[in-house]
Amino acid sequence: MVSPVPLDQRRATLEGLRAALAAGHRAASPEAFILAEESLVRTGLGTLDAALGGGFPRGVVATLEGAAGSGRSAVAARLLANATAGGGLAAVIEAPAGPEGSFYAPALAAAGVDLERLLVVRAPDAARIARAADILLRSAAFGVVVIPAVSLRATVWTRLASLTHRANALLLAVGSTASDELRYFASLRVRLQSSHVQFAGEGGLFCTVAGIGVEAAVLKHKRAAPGRRAHFSCATFERSGAPLCALRERTVENAARTSAVAW
């Protein structure tokens, strides 16, 4: 049966429907994923912040995953520095006997962390780490809380995620890997790995490490575009470190090969 509506009118109606659908479901541009300034904790690393849509979002559980020496502590230190700037508070919960060890206070200070605004809590096991995080988040006084990426039950992560959201804080779990439960409850996951080592001065067995190059991959992001990557350098935090004007770069593989020959 032929429709009584003229062909031109049907085409006009179809074009109008297409225009309405395009306006309501437009393809998101990168700018659509930029979060509001007040909802972010910036690292100060331009490429990393850009890959994250401006920085680490507040009110979420996030992870920094990677092997020792991948730059995860350096990024965490920058977030703590941001949180303590302008009179804010931050906290670090650490298990010195655990695989992640402890943060080095002079290095944190060199990274810009106001140590007088930083609370350090030592907890010997996962249960006490969770308990300490619970207390700190319930106080709603700390902008950033850093903990080891320990394995906790889903019910515990549910509570910590809820408290983090209510406190509008950033709960940052740092470790080599994340458990299945942490992967589920984390709104943001960033994987770090070192791409090259920067040396200062002359080469040889006792040359000075001045920094590392880092590759970051955004594995998961519930508030911005996932799948992005960033490349940046992390210089040493030692104030009286090596002269950066004499930097030389090597890949991690070449550095390891050179050390093996030297020994």
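Criteria and thresholds
- Residues numbered from 1 in each chain as written.
- Predicted model: local features only at pLDDT ≥ 70, side-chain atom pairs only at ≥ 80, totals over all residues.
- Heavy atoms only, no water.
- Helix = DSSP H or I, 4+ residues; strand = E, 2+ residues; numbered from the N terminus.
- Buried < 20%, exposed > 50% of the residue type's maximum accessible area, 1.4 Å probe, protein only.
- Contact = heavy atoms within 4.5 Å.
- Areas by Shrake-Rupley, 256 points an atom, 1.4 Å probe, with all protein chains shown as cover.
- Core = buried A, V, L, I, M, F, W, Y, C linked by side-chain atoms within 4.5 Å.
- Salt bridge = Lys/Arg side-chain N within 4 Å of Asp/Glu carboxyl O.

(A) How the structure looks around the overall build of the protein. Tallying secondary structure elements over the protein gives 8 helices and 11 strands in all. Of all 263 residues assigned to the protein, the portion counted as buried reaches 41%. Long-range pairs, those at least 24 residues apart, make up 71% of the contacts in the protein between residues at least 6 apart in sequence. About 14000 Å² of surface is accessible on the protein, with carbon and sulfur atoms providing 56% of the total.

(B) Summary view of the nonpolar core. Core analysis: the largest hydrophobic core is formed by 38 residues, its most contacted members being F56, L64, L80, L172 and F232. The leading source of residues in this core is helix 3 (residues 72-84), at 8 residues. Leaving out residues up to four positions away in the same chain, L64 has contacts with F56, R72, V75, A76, L172, A173, V174, G175, V190 and L192.

(C) Focus on the pattern of salt bridges. Counted according to the given criterion, the structure contains 7 salt bridges. Between R191 and E65 there is a salt bridge whose closest N-O contact spans 3.7 Å. You can see R191 sitting in strand 8 (residues 188-200) and its partner E65 sitting in strand 3 (residues 60-65), a full 126 residues away along the chain. Where R159 meets D134, a salt bridge forms, and the shortest distance between an N and an O atom there is 2.4 Å. Note that R159 is positioned in helix 6 (residues 154-167) and D134 in helix 5 (residues 126-139), a separation of 25 residues in sequence. Overlapping salt bridges, with partners in common, bring together E65, R189 and R191 in one network.

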